[in-house]
Amino acid sequence: MSQARKLYVKSFGCQMNVYDSRRMADTLAPHGYVETATPDDADLIILNTCHIREKAAEKVYSELGRMRRLKQAAEDDGRRVVVAVAGCVAQAEGEEIIRRAPSVDLVFGPQSYHRLPALLARAARDGRAVDTEFPAGDKFEHLAAPAVSAIRARGVCAFVTVQEGCDKFCTFCVVPYTRGAEISRPVQSVVNEIERLADAGVREVTLIGQNVNAYHGAGPDGRPWSLARLLERLAPVKGIERLRYTTSHPHDMDDDLIAAHRDLPKLMPQLHLPVQSGSDRVLAAMNRRHTRADYLDVVRRLREACPALALTSDFIVGFPAETENDFADTLELVAAVGFSGAFSFKYSPRPGTPGAEMANQVDEAVKSERLERLQRAIDDSAAAFNRNCLGRTFDVLFERPGRYDGQLVGRSPYLQPVQATAPASLIGEIAAVTITQIASNSLFGALAQAPPGAAAQRSALVSTGV
Ligand code: SF4
């Protein structure tokens, strides 16, 4: 057998990119590639890029400068190194990447990674290959299944992409241009993957998609199934104890999905539901397709269905023409909902999106000042949520050893990291933990005598928000 070739994949951005990177490694494994943790000794270097934040492309070009030097040094030693750029920057910039970074051998977009072996062969034959097409439906049918050893090495919590792309066209967002139209994987393909993960020891699965609750994959009956129906199908899978999904759009939170939060005990009481702004004027300019009242109504219905539900969100401050009054509406919404956490960013114009062309771009200093105020409000809300956990007993799924001997780290139902003294045999198990201390980024607790299972329900946090 030929000597294994080393693969180094660097992921930028979101969990979907991390998932894609793993599937690239899975696809290349049968072709003799093994993953390495450093680019220094790699034969193939893949930068799996993200275009969502400002200067993302510039970061990639600077990273490519480093890779060029590594490639040159390897070639001086008589070793061939292939440098590839994948993901959303590859999709958006295509040939431009090769023009600016001639040491790059291969550029391919998010819909092409299953074709990686063929693209590598093409790059070897022709000196270079670029593939940034949107071959609808092709990718999910050709995903290589991960080896059991790879699944085990990745831990007891897994992400599974069930949906990609977006048809919403929010005016600040590049996703519809870089990931294309919404595509959903067929139900059976998702079930097969999750059963395989469960057999290899995975206990928690997060279904991911750019707009995951717009899921409409073909069911075994040949009809499109909703995300609620998919979750219902997955709940009985043996070995899977917890289900989550992200990222959702408020407009697609239908009655069935809301009811799933009431009816499926394995669906964790935590939801990331981006709102972006609390102002109707800004939401309309963002083309969000929902108002502030729509969002608050969805939150109310979710909490009626699942009183323990913890909500997190995304916010953009300083969208073009945002006034101080608009921003005050955002702060009011944060106070009204009582988020357990949220991501917040200054608006940055993304080339090619309508927002970038809008008049009345907000001054950077104003954006910074508003962001600071918003982050304070979010931090206060998250701290209040965490304080409310003190003394309560939650089910914790232990994932890995902690920083100190004898300590394990796991997650509460609300996705908070929890550290506790516990035997290593509990990795992959759910145990009841009483929270004894709150730190800024995690909770500390002690194993409780209570049997796991009912702890989360018994000690459920009842939201005081909307
Ligand atoms: S719904 Fe999400 S992914 Fe789609 S355009 Fe809006 S922000 Fe982007």
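Predicted, not measured: the structure shown is a model, and the values here were computed from it.

### Comments concerning the overall build of the chain
1) Next: Across its full length, the chain carries 17 helices and 19 strands.
2) Next: Taking 2.2 N^0.38 as the reference for a compact globule, 466 residues should give roughly 23 Å; the C-alpha atoms of the chain span a radius of gyration of 23 Å, in line with that estimate.
3) Next: Reported as C-alpha extents along the three principal axes, the dimensions of the chain are approximately 65 × 60 × 50 Å.
4) Next: A total of 466 residues make up the chain; the buried ones form 54% of that total.
5) Next: Put simply, of all contacts in the chain between residues at least 6 apart along the chain, 72% involve residues at least 24 apart.

### Some details on the packing of helix α1 (residues 15–28) against helix α5 (residues 116–126)
1) Next: Direction vectors running N to C along α1 and α5 enclose 70 degrees, while the axes themselves pass 9 Å from each other. Judged by the angle between their axes, α1 and α5 are roughly perpendicular. On α5, the residues touching Met24, Thr27 and Leu28 of α1 are Leu116, Pro117 and Leu120.
2) Next: Across the contact of α1 with α5, the residue classes break down as five nonpolar, one polar and no charged.

### A closer look at the confidence of the model for the chain
1) Next: When pLDDT is averaged along the chain, the result is 90; 93% of the residues meet or exceed 70.
2) Next: Of all secondary-structure elements in the chain, the lowest mean pLDDT belongs to helix α17 (residues 455–458), at 44, while helix α10 (residues 227–234) reaches the highest, 98.
3) Next: Across residues 454–459 the pLDDT falls below 50, and counting only partners more than four positions away or on other chains, this stretch makes twelve contacts in the model.

### Considerations on the packing of aromatic side chains
1) Next: Per the counting criterion, the structure on display carries six aromatic pairs.
2) Next: For the pair Phe169 and Tyr177, a centre-to-centre distance of 5.6 Å together with 75 degrees between the ring planes defines the contact as edge-to-face.
3) Next: Exposure remark for Tyr177: the relative accessible area of 38% places this residue in the partly exposed category.
4) Next: Seen from their ring centres, Phe319 and Tyr347 are 5.0 Å apart, and the 70 degrees between their planes marks the pair as edge-to-face. Here Phe319, found in the loop between β13 (310–317) and α14 (324–337), pairs with Tyr347, found in the loop between β14 (341–346) and α15 (354–357); they are 28 residues apart in sequence, far enough to count as distant.
5) Next: Overall, Phe319 belongs to the buried group, its relative accessible area being 0%.
6) Next: Taking the relative accessible area as the measure of exposure, Tyr347 reaches 3% and is therefore buried.

### Re the sheet that holds strand β16 (residues 407–411)
1) Next: Within the closed barrel, the five strands sit side by side as β15-β16-β17-β19-β18. Their pairing is mixed. Each neighbouring strand pair of the sheet contributes to a mean axis angle of 55 degrees, computed without reference to strand direction.
2) Next: As paired strands, β16 and strand β17 (residues 417–421) are joined by five bridges and run antiparallel to one another. Each bridged residue has a counterpart across the sheet, and for Val409 the counterpart in β17 is Gln419.

### Overview of the pattern of salt bridges
1) Next: Scanning all chains against the criterion turns up 37 salt bridges.
2) Next: The shortest N-O distance in the salt bridge between Asp41 and Lys6 comes to 3.1 Å. Of this pair, Asp41 sits in the loop between β2 (33–35) and β3 (44–49) while Lys6 sits in strand β1 (residues 5–11); the two residues are 35 residues apart in sequence, bridging distant segments of the chain.
3) Next: What makes Lys6 partly exposed here is its relative accessible area of 33%.
4) Next: Lys10 is the salt-bridge partner of Glu63, the closest N and O atoms lying 3.4 Å from each other. A residue pair is termed long-range when its members are at least 10 positions apart, and Glu63 in helix α2 (residues 56–76) and Lys10 in strand β1 qualify at 53 residues.

### Digging into the site of the ligand
1) Next: Inspection of the region around the ligand gives Cys166, Lys168, Phe169, Cys170, Phe172, Cys173, Val175, Pro176, His249 and Arg288 as its neighbouring residues.
2) Next: Per-class residue counts for the shell around the ligand are seven nonpolar, one polar and two charged.

### Structural notes on the sheet that holds β14
1) Next: The sheet built from three strands is open, its strands ordered β12-β13-β14 with parallel pairing. Where the open sheet ends on each side, the last strands, each with one partner, are β12 (270–272) and β14. Each adjacent strand pair in this sheet contributes to an overall mean axis angle of 10 degrees, direction not counted.

### So, the nonpolar core
1) Next: The biggest cluster of nonpolar side chains holds 77 residues, and the ones touching the most others in it are Ile46, Phe108, Leu207 and Tyr245.
2) Next: With residues near it in sequence (within four places) discarded, Tyr245 still touches Thr206, Leu207, Val212, Leu227, Leu231, Met253, Leu257, His261, Leu267 and Leu271.
3) Next: Among the nonpolar cores identified, the runner-up in size contains 22 residues, and Cys50, Ala57, Val83 and Val107 belong to it.

### Description of helix α11 (residues 255–263)
1) Next: Regarding α11, the residues found buried are Leu257, Ile258, Ala259, Ala260 and His261.
2) Next: Residues of α11 that are buried sit in contact with α10, β11 (242–246) and α13 (292–305).

### Observations concerning empty space enclosed by the protein
1) Next: Taken as a whole, this structure holds two cavities of 30 Å³ or more when the rule is applied.
2) Next: Size it by volume and the largest cavity reaches roughly 150 Å³.
3) Next: What lines the largest cavity is a set of 16 residues, and nearest its centre among them are Arg22, Arg154, Ala158, Phe159 and Leu197.
4) Next: Those elements that place two or more of their residues in the lining of the largest cavity are α1, β7 (157–161) and α9 (187–199).
5) Next: Per-element tally for the lining of the largest cavity: the top contributor is α1, with six residues.

Parameters and conventions
Each chain has its residues counted from 1, following the order in which its sequence is written. Only residues with pLDDT of at least 70 are given local features in this predicted model, and only at 80 or more are side-chain atom pairs given and counted; all residues enter the totals for whole chains, interfaces and linings. To obtain the side-chain values, all non-hydrogen atoms of the structure were included, while hydrogens and water were left out. Here a helix means four or more residues in a row that DSSP labels H or I, a strand means two or more in a row labelled E, and each is numbered from the N terminus. We compute the radius of gyration from the C-alpha atoms alone; for a globule the expected value is 2.2 Å times N to the 0.38, where N is the number of residues. The classification of residues rests on relative accessible area computed with a 1.4 Å probe and restricted to protein chains. Under 20% of the type maximum is buried, over 50% is exposed, and intermediate values are partly exposed. Here, two residues are considered to be in contact whenever any of their heavy atoms come within 4.5 Å of each other. Between N-to-C directions, angles cover 0 to 180 degrees, with each direction set by a line fitted to C-alpha atoms, over the stretch in contact for helices. Any angle between 65 and 115 degrees counts as roughly perpendicular, while under 35 counts as roughly parallel, over 145 as roughly antiparallel, and the rest as oblique. Lys, Arg, Asp and Glu make up the charged group, whereas Ala, Val, Leu, Ile, Met, Phe, Trp, Tyr, Cys and Pro make up the nonpolar group; the residues left over, Gly among them, are polar. pLDDT gives the predictor's per-residue confidence on a scale running from 0 to 100. In this analysis, rings of Phe, Tyr and Trp, with Trp reduced to its six-membered ring, are considered paired at centre separations within 6.5 Å, and the interplanar angle assigns stacked below 30 degrees, edge-to-face beyond 60, and tilted for intermediate values. Two strands qualify as a pair provided DSSP detects at least 2 bridges between them. Salt bridge, as used here, is a side-chain nitrogen of Lys or Arg placed within 4 Å of a carboxyl oxygen of Asp or Glu. The cutoff for a nearby residue is simple: one of its non-hydrogen atoms must lie within 4 Å of the molecule or strand. Each nonpolar core is a collection of buried residues, namely Ala, Val, Leu, Ile, Met, Phe, Trp, Tyr and Cys, held together in the definition by side-chain atoms within 4.5 Å. Detection works on a 1 Å grid of protein atoms alone, calling trapped sets that fit a 1.4 Å probe cavities and calling open sets with protein on both sides within 12 Å along at least five of seven lines pockets, with lining residues defined by an atom within 4 Å of a point. Grid points are joined across faces, edges and corners, and a volume is the space filled by probe spheres set on the points.

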